[in-house]
Amino acid sequence: MNPSTTCEAHRCPLCGADNRCAMEIERQTGVPQGPCWCVNATFDQDLLARLPEEARGKACICSACVTRSAAEARA
């Protein structure tokens, strides 16, 4: 994974992929969105600890990184 070099709210700070954050999509487009996918996701502490300091509270982790982290934790 290549972390994003700059903090962009629509990009995962861990891999740089589009994070599909419903709140960010709504902010960018003005089109109301349903609940974000992350509402039902579990973010473990090891995953959160990998976030660069400059991205904390500013960019969401993508579902692929959340899924990958959960699989690694189970292994």
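Definitions and cut-offs
- Residues numbered from 1 in each chain as written.
- Predicted model: local features only at pLDDT ≥ 70, side-chain atom pairs only at ≥ 80, totals over all residues.
- Heavy atoms only, no water.
- Helix = DSSP H or I, 4+ residues; strand = E, 2+ residues; numbered from the N terminus.
- Rg over C-alpha atoms; globule rule 2.2 N^0.38 Å.
- Buried < 20%, exposed > 50% of the residue type's maximum accessible area, 1.4 Å probe, protein only.
- Contact = heavy atoms within 4.5 Å.
- Areas by Shrake-Rupley, 256 points an atom, 1.4 Å probe, with all protein chains shown as cover.
- Core = buried A, V, L, I, M, F, W, Y, C linked by side-chain atoms within 4.5 Å.
- Polar contact = N/O pair within 3.5 Å; in protein donor to acceptor, adjacent residues only side chain to side chain.
- Expected span 1.5 Å × (residues − 1).
- Arc of directions from axis to C-beta.

> Explanation requested: the overall build of the chain in the structure shown.
Across its full length, the chain carries 3 helices and 0 strands. Along the chain, from the amino end to the carboxyl end, the secondary structure elements read α-α-α. Taking 11 Å as the expected radius of gyration for a compact globule of 75 residues, we find that the chain reaches 12 Å, a close match to that expectation. Projected onto its principal axes, the C-alpha coordinates of the chain cover approximately 40 × 25 × 15 Å. By the burial criterion, 27% of the 75 residues in the chain qualify as buried. Counting only contacts in the chain whose residues sit at least 6 apart along the sequence, the fraction spanning at least 24 positions is 49%. Carbon and sulfur atoms form 53% of the exposed surface of the chain, whose accessible area is close to 5000 Å².

> Explanation requested: the nonpolar core in the structure shown.
What tends to happen in soluble globular proteins is that the nonpolar side chains get buried as a cluster. In terms of nonpolar packing, the biggest core is built from 8 residues, these being Cys12, Leu14, Leu47, Leu51, Ile61, Cys62, Cys65 and Val66. Discounting chain neighbours no more than four positions away, the residues touching Leu51 are Pro13, Leu14, Arg56 and Ile61.

> Looking at this model, I keep getting lost on the side chain of Ser69. Mind explaining?
Its location among the elements puts Ser69 in helix α3 (residues 63-74). On the accessibility criterion, Ser69 (4% relative accessible area) is buried. A polar side-chain atom of Ser69 sits 2.9 Å from a polar atom in the side chain of Asp44. In this view, Ser69 contacts Asp44, Leu47 and Arg50; residues no more than four positions away in its chain are not counted.

> Would you take a moment to explain unusual backbone geometry for this structure?
Leaving glycine aside, a negative phi is the common case for residues, and trans is the common case for peptide bonds. Of note, the phi angle at Arg20 is positive, near 55°, even though the residue is not glycine. Structurally, Arg20 can be placed in the segment before α1 (22-29). With relative accessibility at 51%, the residue Arg20 sits in the exposed group.

> Explain α3 here, please?
Spacing of three or four residues puts side chains on the same side of an α-helix, whose turn is 3.6 residues. An ideal rise of 1.5 Å per residue puts 16 Å on 12 residues; α3 measures up with 17 Å between its terminal C-alpha atoms. Taken residue by residue, α3 has Cys65, Val66 and Ser69 as its buried positions. Down the axis of α3, the buried side of the element spans an arc of 100°, and every buried residue falls inside it. More than 90 degrees from the buried face of α3, the exposed residues found are Thr67 and Arg74. Contacts made by the buried residues of α3 are with α2 (45-49).

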